[in-house]
Amino acid sequence: MIKKKKNTPNQFSFETKAIREGSFRSSAMEHSESIYPTSSFLFNSASQAASRFKGDEDGLIYSRFSNPSIEMFERRLASLENAEDCVATATGMSAILLTCLSFLKSGDEIVSTPSLFGATLQFFNNYLSKFGIKTHYVSLTKTKDWEMKITSKTKLFYLETPSNPLNEIADLFKISEICKKNKIISVVDNCLCTPALQNPLDFSIDLSLHSATKFIDGQGRVLGGAVAGNRELISQIKSTMRTCGPAMSPFNAWILFKSLETLKIRMDAQSDSAELIANFLQKHKKIKKVFFPGLKSNPQYKLAKKQQKKPGAIISFELKNSKSSSAKKHAWKVIDKVHIFSRTGNLGDSRSTITHPASTTHCRISNLERKKAGINDALVRISIGL
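Only a predicted model underlies this, so the values are computations on that prediction, with no experimental measurement involved.

1. Quick look at the overall build of the protein chain
Across its full length, the protein chain holds 14 helices and twelve strands. Taken over C-alpha atoms, the radius of gyration comes to 21 Å for the protein chain, in line with the 21 Å a tight globule of 386 residues would show. Projecting the C-alpha coordinates of the protein chain onto the three principal axes gives extents of approximately 75 × 50 × 35 Å. Residues classed as buried in the protein chain amount to 55% of the 386 residues present. Sequence-distant contacts in the protein chain: of pairs separated by 6 or more residues, those separated by 24 or more amount to 72%. For the protein chain, the exposed area adds up to about 18,000 Å²; of that, 54% sits on carbon and sulfur atoms. A gap of 7 Å separates the mean positions of the 56 positive and 34 negative side-chain charges of the protein chain.

Right under this line is the structure:
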């Protein structure tokens, strides 16, 4: 276990913390931090082994729940999120799973929104429901609707802001106020902004969740997830992780740890490029509507400016009706004619990507769920790279 340093989140700039925070070096004093690809760690005696397993003595035990590579990534991301602690997971969906397992039981309820990643909707509707956990859905942008859905059984608010793929924005401060008043845990998926552009905890949100696979990695190499928040809540998720096991691998942790060094540079550059492209698309005669929070025509432009340092690198747009083909065929034709963008479901890559959400990322949810989420066959999503 890495020796904990005093948490001083505001002592250094974001860029400095992204390079210096969380480092651990072995007795060899390597300059570039090492990878620790081991399943377990040695003890000096049987007595020490017993003490560590019991929790009487700090120290490394088993890489499912204690590994220097993983702890380095957790500490650095926690610092960038202005959080007390962080837990790394195998994937973004693992982060959601562990959060729900940690704070929900049969009979509890979630308030969420249809404006979610397709797999998250499936998880809530098809899996949590099996165990008697009910999810109520409201508009992401209508804060009063969130409060109206609260019952004595409500334990969790879960939302993405900006949302994938329509870039809808929730008022984080108002959401957190409702949660504090009603003793509900608030969870924000910060995947599209990362801490380089948005810090949900600064608006009194309890937990900031990530698919680190996306912008945190930034090059489409590895899978990973994370949750950052106060020490009390994160310790509960870590306990669930120790038992249930969807842990991040040391190699993936090392990749993501090093990726954080360039996160701010990448996010700023990609966001600036996205702003130029969104303005171009908004004027295109064959495009009906552009979904991008950095456009002054966007009704949530001022809220995005208040909460985010930049608008992000995701743009979605709806094509105008084609007289010669269906909306889906028309969208596919546009996607197939693109030369530089990569056709893939992933986002947040250094290479720009393009996809058709209705037939890829959101294809496994029902037509009704897609309609509620505002996703139709004419919608195309692009992720702007470097």
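2. Regarding the pairing of strand S5 (residues 185-189)
Within S5, five of the five residues are buried, leaving the element largely enclosed by the surrounding structure. Of the two faces of S5, both are covered, the one formed by Ile-185, Val-187 and Asp-189 as well as the one formed by Ser-186 and Val-188. Two strands pair when backbone bridges link them, and strand S4 (residues 154-160) and S5 are joined in this way by five bridges, in the parallel orientation. Within S5, the position partnered with Tyr-158 by the bridge is Val-187. In this fold, the crossover linking S4 to S5 by way of helix H7 (residues 172-182) has right-handed handedness. Note: S5 against strand S6 (residues 207-211), three bridges, orientation parallel. Bridging from a neighbouring strand, Val-188 pairs with Ser-208 of S6.

3. Side note on the state of the cysteines
Counting across every chain of the model gives zero disulfides. For the unlinked cysteine Cys-100, the closest cysteine sulfur is that of Cys-244, found at 12 Å. Of the residues examined, Cys-244 reaches a relative accessible area of 47% and is grouped as partly exposed.

4. A word on the side chain of Thr-154
As for its placement among the helices and strands, Thr-154 is situated in strand S4. From its side chain, Thr-154 meets the backbone nitrogen of Thr-151 in a polar contact 2.8 Å long. Setting aside residues up to four positions removed in sequence, Thr-154 forms contacts with Glu-109, Val-111, Lys-149 and Ile-184.

5. Section: the packing of helix H3 (residues 68-80) against helix H10 (residues 250-259)
Packing of H3 against H10 brings their axes to within 8 Å, and their N-to-C directions diverge by 35°. Seen from above, H3 lies across H10 with left-handed handedness. Every residue of H10 that contacts H3 at Ser-69, Ile-70, Met-72, Phe-73 and Arg-76 is listed here: Pro-250, Ala-253, Leu-256 and Phe-257. Here the contact of H3 with H10 is built from residues that sort into seven nonpolar, one polar and one charged.

6. A short note on the sheet that holds strand S3 (residues 134-137)
On the basis of which strands lie adjacent, the open sheet formed by seven strands has the order S1-S7-S6-S5-S4-S2-S3 and mixed pairing. Each having just a single partner strand, strand S1 (85-89) and S3 make up the two edges of the open sheet. Taking each pair of neighbouring strands and ignoring which way they run, the sheet shows an average axis angle of 20°. Its contacts with the sheet put helix H9 (residues 231-244) on S1, S5, S6 and strand S7 (225-229), and the angle it makes with S1 is roughly 25°.

7. Quick notes on the environment of Lys-310
Mapped onto the secondary structure, Lys-310 falls in the loop between helix H12 (301-307) and strand S9 (314-319). For Lys-310, a relative accessible area of 26% corresponds to the partly exposed category. Taking C-alpha positions, Lys-310 is 8.4 Å from Cys-193, a pair spaced 117 residues apart along the chain. When near neighbours in sequence (up to four residues on either side) are disregarded, Lys-310 contacts Leu-197, Asp-268, Ser-271 and Asp-272. Separated by 2.9 Å, the side chains of Lys-310 and Asp-272 make a polar contact.

Conventions adopted
- Throughout this description, residue numbers start from 1 for each chain and increase along the sequence as written.
- In view of the model being predicted, local features appear only for residues whose pLDDT reaches at least 70, and side-chain atom pairs are presented and counted only at 80 or more, with totals across whole chains, interfaces and linings using the full set of residues.
- In computing side-chain values, all of the structure's heavy atoms are included and hydrogens and water are not.
- Comment: elements are numbered from the N terminus, with helices defined as DSSP H or I runs of at least four residues and strands as E runs of at least two.
- Our radius of gyration is a C-alpha quantity, and the globule rule it is checked against amounts to 2.2 Å times the number of residues to the power 0.38.
- Residue burial is assigned from relative accessible area. The probe radius is 1.4 Å, only protein chains are included, and a residue is buried under 20% of its type maximum, exposed over 50%, and partly exposed in between.
- Residues count as neighbours in contact if any of their non-hydrogen atoms are within 4.5 Å of one another.
- Computed with a 1.4 Å probe, the accessible areas rest on the Shrake-Rupley method; for each residue, only the protein chains presented here act as cover.
- In this count, Lys and Arg are taken as positive residues and Asp and Glu as negative ones, while His and the chain termini are left out.
- Taken as the charge centre is NZ of Lys, CZ of Arg, CG of Asp or CD of Glu, depending on the residue.
- Pairs of strands are assigned from DSSP output, requiring at least two bridges between the strands.
- By convention, orient the strands away from the viewer: a clockwise path from the first strand over the helix to the second makes the crossover right-handed.
- A pair of sulfur atoms, both from cysteines and within 2.5 Å, is called a disulfide here.
- Here a polar contact is recorded for every N or O atom pair within 3.5 Å, except that within protein the pair must consist of a potential hydrogen donor and a potential acceptor, and residues adjacent in sequence are included only if both atoms are side-chain atoms.
- In this description, a line fitted to the C-alpha atoms serves as the axis of each element, helices being fitted only across the stretch in contact, and the angle between N-to-C directions of two axes falls anywhere from 0 to 180 degrees.
- Left-handed describes a crossing whose near helix is turned anticlockwise from the far helix by less than a right angle; the clockwise case is right-handed.
- Gly falls in the polar group here, along with every residue not listed as nonpolar (Ala, Val, Leu, Ile, Met, Phe, Trp, Tyr, Cys, Pro) or charged (Asp, Glu, Lys, Arg).

These values are about where atoms sit, not about what they do.
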